Amino acid sequence: LLDSTIVVPENCTLKFVGGGFKNGTLQGNSTKIESPLVEIFENVNFTGTYVTPEIYPEWFGAKGYPVKRSTSSYWWDLGDVATNGLESGIDSTIAISNAIDLAYLSQSKAVLSNGTYKITDSLDVPQSTTLHIERSSGVRYYGDNGAGNVIVTADKHENTTTSNTFDSPQIA
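Sequence order sets the numbering: in each chain, residues are counted from 1 along the sequence as written. Note on the predicted model: pLDDT of at least 70 is required for a residue's local features to be given, and 80 or more for side-chain atom pairs to be given and counted; whole-chain, interface and lining totals, by contrast, use all residues. The basis for the side-chain values is all heavy atoms of the structure; hydrogens and waters are excluded.

### Describing the overall build of the protein
For step 1, the next point in the chain: Secondary structure elements are taken from DSSP: a helix is a run of H or I of four residues or more, a strand is a run of E of two residues or more, and numbering for both begins at the N terminus. Helix and strand counts for the protein stand at two helices and 13 strands.
For step 2, the next point in the chain: Exposure categories follow from relative accessible area, calculated using a 1.4 Å probe and restricted to protein chains: below 20% of the type maximum is buried, above 50% is exposed, and the middle band is partly exposed. Counting all 172 residues of the protein, 41% fall into the buried class.
For step 3, the next point in the chain: Contacts between residues were defined by any pair of non-hydrogen atoms, one from each residue, lying within 4.5 Å. For the protein, contacts bridging at least 24 residues in sequence account for 44% of all contacts bridging at least 6.

### Section: the packing of aromatic side chains
Two measures describe an aromatic ring pair: the distance that separates the ring centres and the angle between the ring planes.
For step 1, the next point in the chain: Stacked, tilted and edge-to-face pairs are distinguished by plane angle, under 30 degrees for stacked and over 60 for edge-to-face with tilted covering the rest, among Phe, Tyr and Trp rings (Trp via its six-membered ring) whose centres lie within 6.5 Å. Per the stated rule, a full pass over the model turns up eight aromatic pairs.
For step 2, the next point in the chain: Ring geometry for F41 and F60: centres 5.4 Å apart, planes at 35°, overall tilted. Here F60 lies in the loop between β5 (54-55) and β6 (64-65) and F41 lies in strand β4 (residues 41-50), a separation of 19 residues in the sequence. When sorted by exposure, F41 lands in the same class as F60, which is buried.
For step 3, the next point in the chain: Through a chain of ring-to-ring contacts, the aromatic side chains of F16, F21, F41, F46, Y50 and F60 assemble into a single cluster.

### Some thoughts on the pairing of strand β3 (residues 21-34)
For step 1, the next point in the chain: In terms of strand pairing, strand β1 (residues 5-7) meets β3 through three bridges, oriented parallel. Counted as the bridge partner of I6 is L26 from β3.
For step 2, the next point in the chain: Criterion used throughout: strands pair if DSSP finds at least two bridges between them. Direction of pairing for strand β2 (residues 13-15) relative to β3: parallel, over a ladder of three bridges. Residue pairing in the sheet places L14 in a bridge with I33 of β3.
For step 3, the next point in the chain: Note that β3 and β4 share eight bridges and pair parallel. Among the inter-strand pairings, Q27 is bridged to a residue of β4, identified as T47.

### Brief notes about the pattern of salt bridges
For step 1, the next point in the chain: The working definition used for a salt bridge is a side-chain nitrogen of Lys or Arg within 4 Å of a carboxyl oxygen of Asp or Glu. Taken as a whole, this structure holds three salt bridges when the rule is applied.
For step 2, the next point in the chain: K22 serves as the salt-bridge partner of E42, at 4.0 Å between the closest nitrogen and oxygen. On the criterion of sequence distance, the pair formed by E42 in strand β4 and K22 in strand β3 is long-range, its members being 20 residues apart.
For step 3, the next point in the chain: With its nearest N and O atoms 3.6 Å apart, the salt bridge here joins E34 to K32.
For step 4, the next point in the chain: Note on K32: relative accessible area 31%, which makes it partly exposed.

### Focus: the pairing of strand β9 (residues 109-112)
For step 1, the next point in the chain: For β5 and β9, the ladder comprises two bridges, and the chain directions are parallel. By the bridge assignment, I55 is partnered in β9 with A110.

### Topic: the nonpolar core
For step 1, the next point in the chain: Counting residues in each nonpolar core, the largest one holds 30 residues, and the members touching the most others are L26, I33, F41, F46, W59, F60 and L131.
For step 2, the next point in the chain: Taken together, the elements giving at least two residues each to this core come down to β3, β4, α2 (93-106), β9, β10 (116-119) and β11 (130-133).
For step 3, the next point in the chain: Take this core: its biggest share by element is six residues, from α2. In this description, a nonpolar core means a group of buried Ala, Val, Leu, Ile, Met, Phe, Trp, Tyr and Cys residues linked to one another through side-chain atoms lying within 4.5 Å.

### A look at the side chain of T93
For step 1, the next point in the chain: Relative to the helices and strands, T93 resides in helix α2.
For step 2, the next point in the chain: Whenever two N or O atoms come within 3.5 Å, that pair is a polar contact, provided that in protein one can donate a hydrogen and the other can accept it, and provided that, for residues adjacent in sequence, both atoms are side-chain atoms. Engagement of the side chain of T93 in a polar contact is seen with the side chain of D91, the distance being 2.6 Å.
For step 3, the next point in the chain: If sequence neighbours within four positions are ignored, T93 has contacts with K118, I119, T120, D121, S122 and L123.

### Remarks on unusual backbone geometry
For step 1, the next point in the chain: The phi dihedral of N11 falls on the positive side, at around 60°, and the residue is not glycine.
For step 2, the next point in the chain: Its relative accessible area of 56% is what places N11 among the exposed residues.

### Quick word on the confidence of the model for the protein
For step 1, the next point in the chain: What pLDDT conveys is the predictor's confidence in a given residue, as a value from 0 to 100. Considering every residue of the protein, the mean pLDDT works out to 76; 65% of them sit at 70 or more.
For step 2, the next point in the chain: Below a pLDDT of 50 lies the segment residues 73-83, which in the model reaches 29 contacts outside its immediate sequence neighbourhood of four places, other chains included.
For step 3, the next point in the chain: In this model residues 145-172 is a low-confidence stretch, pLDDT under 50, and it forms 67 contacts with partners more than four residues away in sequence or in other chains.

Okay, here's the thing in structure tokens:
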């Protein structure tokens, strides 16, 4: 995009079958986005309106690492994350945050699927936006205080400080 702005005509669908947008602004106008779970946006700002029901962090470069099912019916085994590549893997914090922000514009939900995501900072989730964590997914936090499992919710758009921390692996 070369730091320019693309204005999408009203009620158009952007269907990605390879390729993507990089370095610029995409102005939606009741725009729908369709793509497989691959990176299609890099350093893209979003303005305008979107009608995409589900936004995926993979569109912004996130990577979900595989985990094994434990003997419990609701929990996944995160004990061997180094083997799965999570500890030294891609930090998905910014990608998940970008998906949440686009979900906010779209009045929809950001969906975490395909494994466990590494984050190194809090994720702000506006009250009007849903962060949906599929049953086979999770978030593992790596910070200065060591590895732990947290999801922090807060609303930067409404300027509220309500937050919740969930012991993990928290599966919704």
